[in-house]
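# Analysis of the macromolecular model
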Amino acid sequence: MDSLEQKLANTYKPGFGAFMSNIQTHHAKLWFAGQNENWKLADFEVHEIRETIEAIQKFQTERKESQKIEMIYPALDSIEKTIKFQNLSLFRHSYTELTNTCNSCHRATDFEFNVVKIPDNQSFSNQDFKESRTK
Ligand code: HEC
């Protein structure tokens, strides 16, 4: 029997941790895009974070932690503004605020041992974070 229910049960759904690992990647890339004042890429990376947050709200409804995820929205809104203004020092300020919010939620959900920080090294050596000159 190949019921719709069975098909749904066999559909792959990323876990909360997998969504978070995805957010971790875009959080790191966002920093290096900003440091290079590559605002187009920075804007893209914030949208990737936003999309994954929305996916958590949609697909992780059974986890009580999901109810706290919306605390990230003001920090995402403010970093988006700094990207629009192309202001590096405001960007750094909002990025710190964003990172603090990640950790506030980790503390609020008893995952305080999961500490996020501003990355020091660009670990994606197969990606160029400088603005592309070919338009
Ligand atoms: C709901 C509030 C919440 C917010 C906001 C949040 N996290 Fe998380 N995060 C969690 C929870 C809960 C886990 C544990 C997930 C699990 O069960 O595997 C987690 C786990 C993680 C992990 C570990 C993933 C792994 O499996 O190794 C990383 C890295 C992480 N978060 C990064 C971030 C970053 C970066 C941000 C901010 C941009 C962020 N988180 C914002 C709740 C949150």
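Below, the structure is looked at part by part.

Scoring rules and cut-offs
Residues numbered from 1 in each chain as written. Predicted model: local features only at pLDDT ≥ 70, side-chain atom pairs only at ≥ 80, totals over all residues. Heavy atoms only, no water. Near = heavy atom within 4 Å. Polar contact = N/O pair within 3.5 Å; in protein donor to acceptor, adjacent residues only side chain to side chain. Helix = DSSP H or I, 4+ residues; strand = E, 2+ residues; numbered from the N terminus. Donors = N, O, S within 2.8 Å, 3.2 Å for Na, K, Ca; no water. Tetrahedral: all angles 85-135°; square planar, octahedral: opposite > 155°, others 65-115°.

All right, on to the site of the ligand then. Around the ligand there are 18 residues in total, and Met20, Arg63, Cys102, Cys105 and His106 lie nearest to it. The contact in question runs from an oxygen atom of the ligand to an N or O atom on the side chain of Arg63, over 2.9 Å. Residue His106 places a side-chain N or O atom 2.8 Å away from a nitrogen atom belonging to the ligand. Those elements that provide at least two residues to the shell around the ligand are helix H2 (16–35) and helix H5 (88–108). The dominant element in the shell around the ligand, judged by the number of residues it contributes, is H2, at seven residues.

Moving on, we get to the coordination of the iron atom of the ligand. Reference values for coordination geometry: four tetrahedral donors around a metal ideally subtend 109.5 degrees, six octahedral donors ideally subtend 90 or 180 degrees. Taken together, the protein donors to the iron atom of the ligand comprise Met20 (SD) and His106 (NE2), at separations of 2.0 to 2.3 Å. Between the six donor atoms coordinating the iron atom of the ligand, the angles at the centre fall across 84 to 179°, so the site counts as octahedral. Taken as a pair, Met20 in helix H2 and His106 in helix H5 lie far apart in primary sequence, 86 residues in all.

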